[in-house]
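Below, each chain spelled out in residue letters.
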Amino acid sequence: MTTRPLHVLLIDPEDTSAERVAGFLGDPDGGFVIERVPRLSSGLERLAHGEVDVILLDLDLPDSGGLVSFERISAFAPEVPIVVLTPVDDERLALESVQGGAQDFLVKGNLTSSMLTRSLRYAVERHRLMSALRSLSLIDDLTGLYNRRGFTDLGEQYLKLARRTGRSATLIYLDVDRFKTINDTLGHHMGDRALLRIADILRQTFRRSDIIGRLGGDEFAVLAPESSGDPPELLVHRVKGAVREFDSASPEPYRLSVSVGVARFDGDALVRLDDLLAEADAAMYEEKRAKRRVVSG
């Protein structure tokens, strides 16, 4: 059985860059068909006709610039995955687009044929997985995050892709401190509000493309591909900083605090998602026990 080539829409005003990309993808047997337009308006017009599998987008266009370019394309064709192209000095902007939902970003000066083809195939496959999951009952009713089944199913699929593409990931396991006290003293409705606030904080802290789930009760997990190169410690620092920022401005009658554990995935074929969850869960409980020792001491 033959596989239909992936149709790539390249939106890039630079002839040199476009020629280089075409050289990487132009082999008739390479599995790609590439079509190039130089402006956002012409990209939107082409997308209106359909039959585009993945978009390769330069953010700096003659008729649009920065995140606006990504946001307009994404809003117009949410069913099509986007990989962002950027010069080195726009890497920060590209990271922000990934946080907004782009599947990946590639620096033009570092581009290779294998890197480009791998990124495009990964973007298409992961986007299909996410779309399929949205159609199933894998969402937590209270928070709108993935429930345990949704997180596990999508997480396992991501790890399979990561093994094939050589990607790593960080798994963060989070538990709300003294959550039982909130429920017992203020009522379950206030406990639900606290869980909703945690869910909002996680959505704001992590990228839309990261996998965020409520595993049950007051326990949450995030599987974050390390495309940004951020160390796990920095991700934990961001989460805790966001919780502290919420507390400093919150009118709620409770105070939020979280314990966090981390596990890393580096492509090991023997490591499963359950192994990462167990490792991060153990680290989280060790932090929680350390807090209790400080209070009791």
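Structure: see above.
Everything numeric here is computed off the predicted structure, so don't read it as measured data.

**Describing the nonpolar core**
- Counting residues in hydrophobic clusters, the biggest one holds 28 residues, and the most contacted among them are L174, I198, L202, F206, F220 and L256.
- At the level of elements, β6 (169-176), α7 (179-186), α8 (188-205), β8 (219-225), α9 (232-249) and β9 (258-265) are the ones that each hand at least two residues to this core.
- Among the elements that line this core, the one with the most residues is α8, at seven residues.
- Contact partners of L256, with chain neighbours within four places excluded, come to V176, A194, R197, I198, V243, F246 and D247.
- L133, F151, L154 and L273 belong to the second largest nonpolar core, which has 25 residues in total.

**Observations concerning the side chain of D210**
- Mapped onto the secondary structure, D210 falls in the loop between α8 and β7 (211-216).
- At a separation of 2.7 Å, a polar atom in the side chain of D210 contacts the side chain of R207.

**So, the packing of α7 against α8**
- As a packed pair, α7 and α8 sit with axes 6 Å apart at the nearest point and diverge in direction by 145°. In contact with F179, I182, N183 and L186 of α7, α8 contributes H188, H189, M190, G191, A194 and L195.
- Its residues assigned to classes, the contact of α7 with α8 comprises six nonpolar, four polar and no charged.

**Regarding the packing of aromatic side chains**
- Per the stated rule, a full pass over the model turns up one aromatic pair.
- With a centroid separation of 6.2 Å and an interplanar angle of 80°, the aromatic rings of Y122 and Y158 are classed as edge-to-face. Residue Y122 is located in helix α5 (residues 113-134), and its partner Y158 is located in helix α6 (residues 148-165); the two are separated by 36 residues in the primary sequence. For the pair Y122 and Y158, a shared accessibility class is recorded, and that class is buried.

**Describing helix α2 (residues 40-47)**
- Counting buried positions over the eight residues of α2 gives six, a clear majority of the element.
- Every buried residue of α2 is listed here: L40, S42, G43, L44, R46 and L47.
- Of the surrounding secondary structure, the elements contacted by the buried residues of α2 are β1 (6-11), β2 (32-37), β3 (54-58) and α3 (67-76).

**Overview of the pattern of salt bridges**
- Tallying each qualifying case throughout the model produces 20 salt bridges.
- The salt bridge partner of D177 is K291, with a shortest N-O separation of 2.7 Å. Of this pair, D177 sits in the loop between β6 and α7 while K291 sits in helix α10 (residues 273-296), and the two are 114 residues apart along the sequence.
- In this structure, K180 and D184 form a salt bridge, with 2.6 Å as the shortest nitrogen-oxygen distance. Of the two residues, K180 and D184 both sit in helix α7, four residues apart, roughly one turn of that helix.

**Observations concerning the packing of α2 against α3**
- Relative orientation of the contacting elements α2 and α3 amounts to 10°, with a least axis distance of 10 Å. Relative to α3, the element α2 lies roughly parallel. In this structure, α2 crosses over α3, and the sense of that crossing is right-handed. Facing L40, L44 and L47 of α2, the residues of α3 in contact are S69, R72, I73 and F76.
- Class assignment of the residues belonging to the contact of α2 with α3 gives a composition of five nonpolar, one polar and one charged.

**Some details on the sheet that holds strand β5 (residues 104-107)**
- Strand order in the open sheet formed by five strands is β2-β1-β3-β4-β5, with parallel pairing between adjacent strands. The sheet is open, and its two edges are formed by β2 and β5, each paired on a single side. For this sheet, the mean angle separating the axes of adjacent strands, direction not counted, is 20°.
- Here β3 runs beside strand β4 (residues 82-86); their pairing, made up of four bridges, is parallel. Along β4, the bridge assignment pairs I55 with I82.
- Relative to the sheet, α2 contacts β1, β2 and β3, its axis offset from that of β1 by approximately 155°.

**Some points on the pairing of β6**
- By the criterion of burial, β6 is predominantly enclosed, with eight of the eight residues buried.
- The alternating pattern of β6 places A169, L171, Y173 and D175 and T170, I172, L174 and V176 on opposite faces, both of which are buried.
- Sheet topology note: the β6/β8 ladder contains seven bridges and is antiparallel. Its bridge partner lying in β8, A169 is registered against P225.
- Bridging between β6 and β9 involves eight bridges; their strand directions are antiparallel. Looking at the pairing, V176 lines up with V258 of β9.

**Quick notes on the sheet that holds β7**
- Taken in spatial order, the four strands line up as β7-β8-β6-β9 in an open sheet, and their pairing is antiparallel. For this open sheet the edge positions go to β7 and β9, each flanked by a neighbour on one side alone. Going across the sheet, the axis of each strand differs from the next one's by a mean of 20°, ignoring polarity.
- Direction of pairing for β7 relative to β8: antiparallel, over a ladder of five bridges. Paired with G213 across the bridge in β8 is A221.
- Sheet strands in contact with α6 are β6, β7, β8 and β9, and its direction is about 140° off that of β7.

Cut-off values and rules
Residues numbered from 1 in each chain as written. Predicted model: local features only at pLDDT ≥ 70, side-chain atom pairs only at ≥ 80, totals over all residues. Heavy atoms only, no water. Core = buried A, V, L, I, M, F, W, Y, C linked by side-chain atoms within 4.5 Å. Buried < 20%, exposed > 50% of the residue type's maximum accessible area, 1.4 Å probe, protein only. Helix = DSSP H or I, 4+ residues; strand = E, 2+ residues; numbered from the N terminus. Contact = heavy atoms within 4.5 Å. Polar contact = N/O pair within 3.5 Å; in protein donor to acceptor, adjacent residues only side chain to side chain. Axes fitted to C-alpha atoms, helices over the stretch in contact; angles between N-to-C directions. Nonpolar A, V, L, I, M, F, W, Y, C, P; charged D, E, K, R; others polar. Phe/Tyr/Trp six-rings, centres within 6.5 Å; stacked < 30°, edge-to-face > 60°. Salt bridge = Lys/Arg side-chain N within 4 Å of Asp/Glu carboxyl O. Parallel < 35°, antiparallel > 145°, perpendicular 65-115°, else oblique. Left-handed = near helix turned anticlockwise from the far one by under 90°. Pairing = 2+ DSSP bridges.

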